[in-house]
Amino acid sequence: MVLKVFFPSCCSSADSGLLIGRWIPEQNSAIILAVVHFPFIPFQVKQYLSEVQKVSQIETVVLGTWCNNKQEKEESLGKFLDDLSTIFSHEPWLQISKEKGSKFWNCHTLSRQAGTPKEDQIILIYYDQRKTMLSRLHPPETSLDNQPGVITAPDASKLAAVFDTVARNEVLFLTDRYDEGPIKLSHWQSEGVEASIIVELAKQASVPVCMLLTCLLSLVSGLCRSRILKFWPLSFIWSKLSTCEQVGYRLEHLRFVFSNQKAENHTQFMRKNRIGQLAEALIPVADHVARELQDLLQWLMGVPAGLKMNRALDQVLGRFFLYHIHLWISYIHLLSPFIEMILWYVGLSACLGLTVVLSILSDIIALLTFHIYCFYVYGARLYCLKIYGLSSLWRLFRGKKWNVLRQRVDSCSYDLDQLFIGTLLFTILLFLLPTTALYYLVFTLLRLLVVFVQGLIHLLVDLIDSLPFYSIGLRLCRSYRLAAGVKFRVLEQEVGRPLRLLMQINPLSYSSVVQTYRLPTYSCYPKDSWGSLCKKLFFGELIYPWKHKEDKQD
């Protein structure tokens, strides 16, 4: 029978004492958590372990003794350690020792029961206690290939007990050797929390560093404003060197940012004039888009691509759309005094996150292209009306009609007057269809371009909302926090000595991290197929990527 002993590598150089940890009889394994040093009182050790057990809800006991012969000078200590098995009764009782002046270890068990079988082999497994406590084991769903030294799915449940034991006994690692108390322990945090000391030192040094930077900034700014630089040739050199100009500009900007003056308006509150420049650039862009649309409509009102259109309908549609462009330009110029303030408040929304900014950007694009949406709706409605009119008149020629109640095509008899009127209407709609279809095609392409840009923004928002950035950051910076399993490396394998292994954590792959921790998306956009989209475009149905088409019920 094989006995597995998990020993923390941080305790390999600890002083002699008691081994405390957890015994798992189902796996015949012992998980060492800490070493209790001399001197100690056995009653106090038992009382401390009972308090730890109440917090961790795991049975923590004294498993045996640890003897570091390199540090021991009294020969009677070995016999004293053997006598401790009568005070702390545990079956089996472990005795782990490190030979003096050698790298070899000895590990054997003592059993006071006569019927207990003797251990055939002892495997001593070293593990990093800190990494094991902070990591989370993700067992594989299916068994991996038989790779040497890699844990597969059947062994994952056994490893989960090791990770769970170390993680739930975190209260045991809160006491270091500098604490004043009856119990002195050795574990991964025995040397104290150095990080907290560094943080405190950084806090104390932050104020002097900031004061020093402020003094240096004031000194350099004073030198830049001094009269010495105004004399020739220093003023000439200062004005010709681009580096000096940039330094002066940046210093003036920093002085303005760190000044104690209260901002008079939102422009000074932003401390930068980028918002005003962006607002001033939007109006020329909107005018340029409007001029391009006017040129496009003038081209459609002529002979586009050599096609002969219906002159009267072409002129009516062209003037109608030109009037809408004129209204759009007037609308933009009326909003121009408020665009800077609108952009400033939109910039403040950046504190709510990148997804909010992207969503507002999508809405701004929808507002700025509202005239294109109107053109698309008008063209689609006219085109759809003619398509459905032609289909109805085509059924009239075949003696058919659409039954609205039964939602099917039924036979019907028509008289001569109905057929004559239907023929006239069919001819008129058929000859007017190319003109309407051309306007519909152009504005549909513009609408699809806007929908494509908005779709990319929505996909980016869904990607940001669903990606587990914290988990990916953990995998990148601290890969041991997300463990897919463990692998073992042989340290020592000799006859008559325990097999010594080193347990190393196998990090979870990036694809597994994304699949495991990816959040569900809350996108309400319908998943239309390409066939459904082409059908809607052909029949002139409006494209609403943000709205489901409701089913009609009788």
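Quick caveat, the model's predicted, so the values are computed rather than measured. (Residues numbered from 1 in each chain as written. Predicted model: local features only at pLDDT ≥ 70, side-chain atom pairs only at ≥ 80, totals over all residues. Heavy atoms only, no water.)

Student: Report on a nonpolar patch on the surface, specifying residues and quantitative values.
Tutor: On the surface, Val209, Leu212, Leu213, Leu216 and Leu219 cluster together into a nonpolar patch covering about 480 Å² of accessible area. Along the chain, Leu216 turns up in helix α5 (residues 194–225). (Patch = residues over 30% accessible without salt bridge, like charges linked within 9 Å, V, L, I, M, F, W, Y side chains within 5 Å. Areas by Shrake-Rupley, 256 points an atom, 1.4 Å probe, with all protein chains shown as cover. Salt bridge = Lys/Arg side-chain N within 4 Å of Asp/Glu carboxyl O. Helix = DSSP H or I, 4+ residues; strand = E, 2+ residues; numbered from the N terminus.)

Student: Requested: an account of the nonpolar core, with residues and values cited.
Tutor: In terms of nonpolar packing, the biggest core is built from 38 residues, with Ile20, Ile31, Val36, Val45, Val62, Phe88 and Leu172 touching the most fellow members. Elements that contribute at least two residues to this core include exactly β2 (17–24), β3 (29–37), α1 (42–56), β7 (121–127), α4 (156–168), β12 (482–492) and β13 (499–507). Per element, the largest residue contribution to this core is 5 residues, and it comes from α4. In this structure, Val5, Ala30, Ile32 and Ile122 belong to the second largest nonpolar core, which totals 20 residues. (Core = buried A, V, L, I, M, F, W, Y, C linked by side-chain atoms within 4.5 Å. Buried < 20%, exposed > 50% of the residue type's maximum accessible area, 1.4 Å probe, protein only.)

Student: Describe the UniProt feature "transmembrane region" (unreviewed entry) in the chain, and please don't skip the residues or the numbers.
Tutor: Here, UniProt's "transmembrane region" (unreviewed entry) annotation points to residues 342–369, 418–442 and 448–472. Structurally, residues 342–369 comprises 79% helix and 0% strand, and the distance from its first C-alpha atom to its last is 17 Å. Secondary structure over residues 448–472 splits into 92% helix and 0% strand, and the C-alpha atoms at its two ends are 35 Å apart. (UniProt positions renumbered as here; feature names shortened; annotations may be inferred.)

Student: Could you give an account of the packing of aromatic side chains, naming the residues involved and the relevant values?
Tutor: According to the stated counting rule, one finds 14 aromatic pairs in the structure shown. Look at Phe321 and Phe443: their rings are 4.7 Å apart centre to centre, the planes differ by 65 degrees, and that puts the pair in the edge-to-face class. Taken together, the residues Phe321 in helix α10 (residues 311–348) and Phe443 in helix α13 (residues 416–466) connect sequence positions 122 residues apart. Between Phe375 and Phe443 the ring centres are 5.2 Å apart and the planes differ by 45 degrees, which places this aromatic pair in the tilted class. Taken together, the residues Phe375 in helix α12 (residues 370–397) and Phe443 in helix α13 connect sequence positions 68 residues apart. Residue Phe375 shares its accessibility class with Phe443, and that shared class is buried. Three or more aromatic residues joined by ring pairs make a cluster, and in this case those are Phe320, Phe321, Phe375, Tyr378, Tyr439 and Phe443. A cation over an aromatic ring shows up here: Arg475 above the ring of Tyr510, its NZ or CZ 4.5 Å from the ring centre. (Phe/Tyr/Trp six-rings, centres within 6.5 Å; stacked < 30°, edge-to-face > 60°. Lys NZ or Arg CZ within 6 Å of the ring centre and 35° of its normal.)

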